[in-house]
Amino acid sequence: AKVASTIVIMLRSAALRIHQFHQCGGARASLRLATRPRAPLLLRSLSSPVDAPLPPPADLSVEQALSTSRIVLDFVRLGVSGRRLDVIANHASQPVQERWTTAMQVLVAAQAHVAAAFGYAATAEGVM
């Protein structure tokens, strides 16, 4: 008898929710509620704010230089840079000079990405 009364209460509750759903406009109302603009959330910074940008380092240690080379090599072997180089290599119909220029652009882009992680500008000048 206790199980039966629990089932009846659950069915009544579900019927009430279905009735309320249809009363407020059904699925369209729930979409309106879901897409209603919300107040912006105040997010806490995940790191300390920096007042001024840090200047790039004057030089790299031997360990840092070797690390940058390893990271660039990993990007070229395992990352998007490597996939781009594969695409360039498969375009045998393009002249060698175009493929060489495009491949060098991919390499400099990978180097610029790594240079940014070490505090240099993510440009060709930062790589130099």
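As the structure is a computational prediction, the values presented were derived from the model and not from experiment.

**Some points on the overall build of the chain**
Helix and strand counts for the chain come out as six helices and zero strands. For the chain, the sequential pattern of α-helices and β-strands runs α-α-α-α-α-α. Within the chain, the proportion of its 128 residues that are buried is 10%. Counting contacts in the chain only where the partners sit at least 6 residues apart, residues at least 24 apart contribute 46% of the total. With the model as given, the accessible surface of the chain reaches about 11000 Å², and the carbon-plus-sulfur share is 64%.

**Some details on the side chain of Ser81**
Take Ser81: it is sitting in helix α4 (residues 80-90). Once residues within four sequence positions are removed from consideration, Ser81 is found in contact with Phe75, Val76, Val106 and Ala110.

**Describing the layout of surface pockets**
Put simply, the largest pocket is a space of about 240 Å³. Forming the boundary of the largest pocket are 13 residues, of which Leu60, Thr68, Ala115, Gly126 and Val127 lie nearest the centre. Elements supplying a minimum of two residues to the lining of the largest pocket: α3 (62-78), α5 (96-117) and α6 (124-127). Ranked by residue count, the leading element in the lining of the largest pocket is α3, at four residues. Residues belonging to the lining of the largest pocket are distributed by class as follows: nine nonpolar, four polar and no charged.

**A few points about the confidence of the model for the chain**
Per-residue pLDDT for the chain averages 75, and the proportion of residues at 70 or more is 60%. Mean pLDDT across the elements of the chain ranges from a minimum in helix α2 (residues 27-34), with 49, to a maximum in α4, with 91. Scored below 50 in pLDDT, residues 29-34 shows three contacts in the model against residues more than four places distant or in partner chains.

**Some remarks on the environment of Ala121**
Along the chain, the position of Ala121 falls in the loop between α5 and α6. Taking the relative accessible area as the measure of exposure, Ala121 reaches 45% and is therefore partly exposed. Look past the residues within four positions of Ala121 in its chain and what remains in contact with it is Ala115, Gly126 and Val127.

**Some points on the pattern of salt bridges**
Tallied over the full model, the rule gives one salt bridge. We note a salt bridge from Asp74 to Arg77, for which the minimum N-O separation is 2.8 Å. One end of the pair is Asp74 and the other is Arg77, both in helix α3 and three residues apart, which spans about a single turn. A relative accessible area of 55% means that Arg77 is categorised as exposed.

The rules we used
Residues numbered from 1 in each chain as written. Predicted model: local features only at pLDDT ≥ 70, side-chain atom pairs only at ≥ 80, totals over all residues. Heavy atoms only, no water. Helix = DSSP H or I, 4+ residues; strand = E, 2+ residues; numbered from the N terminus. Buried < 20%, exposed > 50% of the residue type's maximum accessible area, 1.4 Å probe, protein only. Contact = heavy atoms within 4.5 Å. Areas by Shrake-Rupley, 256 points an atom, 1.4 Å probe, with all protein chains shown as cover. 1 Å grid on protein atoms, 1.4 Å probe; cavity = no way out; pocket = protein on both sides within 12 Å on 5 of 7 lines; lining within 4 Å. Points joined across faces, edges and corners; volume = space filled by probe spheres on them. Nonpolar A, V, L, I, M, F, W, Y, C, P; charged D, E, K, R; others polar. pLDDT = per-residue confidence, 0-100. Salt bridge = Lys/Arg side-chain N within 4 Å of Asp/Glu carboxyl O.

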